Amino acid sequence: MEGRETRFGVSNSAMFASSTTLPSTGSVDSFHDSYTALGGGMLIFNMLLGEVAPGGVGAGLYGMLILAVITVFVAGLMVGRTPEYLGKKIGAREIKLASLYFLVTPILVLVGTAVAMATETGRSAMLNSGPHGFSEILYAYTSASNNNGSAFAGVSVNTEFHNTTLGLCMAFGRFLPIILVLALAGSLAQQAPVPASAGTLPTHRPQFVGLIVGVTVILVALTFLPALALGPIAEGLF
């Protein structure tokens, strides 16, 4: 019964946990460390999506716009046309800025987790050993880098090592994306509007919704699946 919230029950606790990890609220009504392995893994995956479903506080909108730019670029490659979005061409400069934006979080999460797991000081914060302990560390750096603020509650990160590394993840994870998205906005603002043509990809139809969902899930899965496989997936399946 450790960490179980008996007042709200399983379904309400799970709903609250999903509602707090998809955006950047960070509040909890039950300990995420006490969830099943795959349940806890789903909470990590929610944050790894980048706070775009339904959207983080103050960051969800431009995160979704970055994914829209990447989706338009991928669609343009598939049909052999110069990608356009909202009347502006998505060229080399724009896609480089969008790619750098997307890469900030994986670098912070994966490098931070790797450094913590490679040092005795970092591993000493784990309450559990094995895959569950790895999930605790992965959750901590995912939460900090994505500006969420929730924790697995089993990990003891109030040490000089974790206070420093998690603090750096918070700083870089918040300000670097802002700088890159402002640079992208400036690049698009300098362009003259491009009239829509027969080859312009419509961005207001279910087809584009499906494309952006697919690109989001595929990008996150390809980036973080190995880390998730070492933690919650390994614990849940084996």
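Each remark here, short or long, concerns the structure printed above.
What you are looking at is a predicted structure, and each value in this text was computed from that prediction instead of being measured. (Residues numbered from 1 in each chain as written. Predicted model: local features only at pLDDT ≥ 70, side-chain atom pairs only at ≥ 80, totals over all residues. Heavy atoms only, no water.)

A. How the structure looks around the overall build of the chain. In terms of regular secondary structure, the chain is built from eight helices and two strands. Radius of gyration (C-alpha) of the chain: 19 Å, near the 18 Å computed for a compact globule of 238 residues. Seen through its C-alpha atoms, the chain measures out along the principal axes to roughly 60 × 35 × 30 Å. Long-range pairs, those at least 24 residues apart, make up 73% of the contacts in the chain with a sequence separation of at least 6. A total of about 12,000 Å² of accessible surface is found on the chain, and carbon and sulfur atoms cover 69% of it. In the chain, which carries 10 positive and 11 negative side-chain charges, the distance between the mean positions of the two groups comes to 19 Å. (Helix = DSSP H or I, 4+ residues; strand = E, 2+ residues; numbered from the N terminus. Rg over C-alpha atoms; globule rule 2.2 N^0.38 Å. Contact = heavy atoms within 4.5 Å. Areas by Shrake-Rupley, 256 points an atom, 1.4 Å probe, with all protein chains shown as cover. Lys, Arg positive; Asp, Glu negative; His and termini not counted. Charge placed at Lys NZ, Arg CZ, Asp CG, Glu CD.)

B. Seen up close, the packing of helix H4 (residues 92-118) against helix H6 (residues 130-145). Two elements in contact, H4 and H6, have axes separated by 9 Å at closest approach and are oriented at 145°. Crossing handedness for the pair H4 and H6: right-handed. Counted together, Thr105, Leu108, Val109, Gly112, Thr113, Ala116 and Met117 of H4 and Phe134, Ile137, Leu138, Tyr141, Thr142 and Ser145 of H6 form the full contact between these two elements. Of the residues in the contact of H4 with H6, the class split is eight nonpolar, five polar and no charged. (Axes fitted to C-alpha atoms, helices over the stretch in contact; angles between N-to-C directions. Left-handed = near helix turned anticlockwise from the far one by under 90°. Nonpolar A, V, L, I, M, F, W, Y, C, P; charged D, E, K, R; others polar.)

C. Region of interest: unusual backbone geometry. Despite not being glycine, Leu86 has its phi angle at roughly 55°, a positive value. Summarising the element assignment, Leu86 is placed in the loop between strand S1 (84-85) and strand S2 (88-89). With a phi angle near 60°, Asn147 is a residue other than glycine that sits in the positive phi range. Judged by relative accessible area, which is 39%, Asn147 ranks as partly exposed. (Buried < 20%, exposed > 50% of the residue type's maximum accessible area, 1.4 Å probe, protein only.)

D. Region of the structure containing the pattern of salt bridges. Taken as a whole, this structure holds two salt bridges when the rule is applied. With a closest N to O distance of 3.6 Å, Glu84 and Lys89 form a salt bridge. The exposure class of Glu84 is buried, given its relative accessible area of 11%. Taking the shortest distance from any N to any O, the salt bridge between Glu120 and Arg123 comes out at 2.9 Å. Residue Glu120 and its partner Arg123 are located together in helix H5 (residues 120-123), separated by three residues, close to a single helical turn. When its relative accessible area of 55% is taken as the criterion, Glu120 is described as exposed. Note on Arg123: relative accessible area 30%, which makes it partly exposed. (Salt bridge = Lys/Arg side-chain N within 4 Å of Asp/Glu carboxyl O.)

E. Looking closely at the nonpolar core. Residues Ile66, Ile70, Tyr85 and Tyr141 are the most contacted members of the largest nonpolar core, which totals 34 residues. Listing elements by their share of this core, those giving two or more residues are helix H3 (60-79), H4, H6, helix H7 (160-189) and helix H8 (206-237). Looking at this core, the element that brings in the most residues is H4, giving eight residues. Those residues in contact with Tyr141, other than ones at most four positions away along the chain, are Val109, Gly112, Thr113, Ala116, Phe161, His162, Thr165, Leu166 and Cys169. Leu43, Phe45, Leu138 and Phe224 belong to the second largest nonpolar core, which has 18 residues in total. (Core = buried A, V, L, I, M, F, W, Y, C linked by side-chain atoms within 4.5 Å.)

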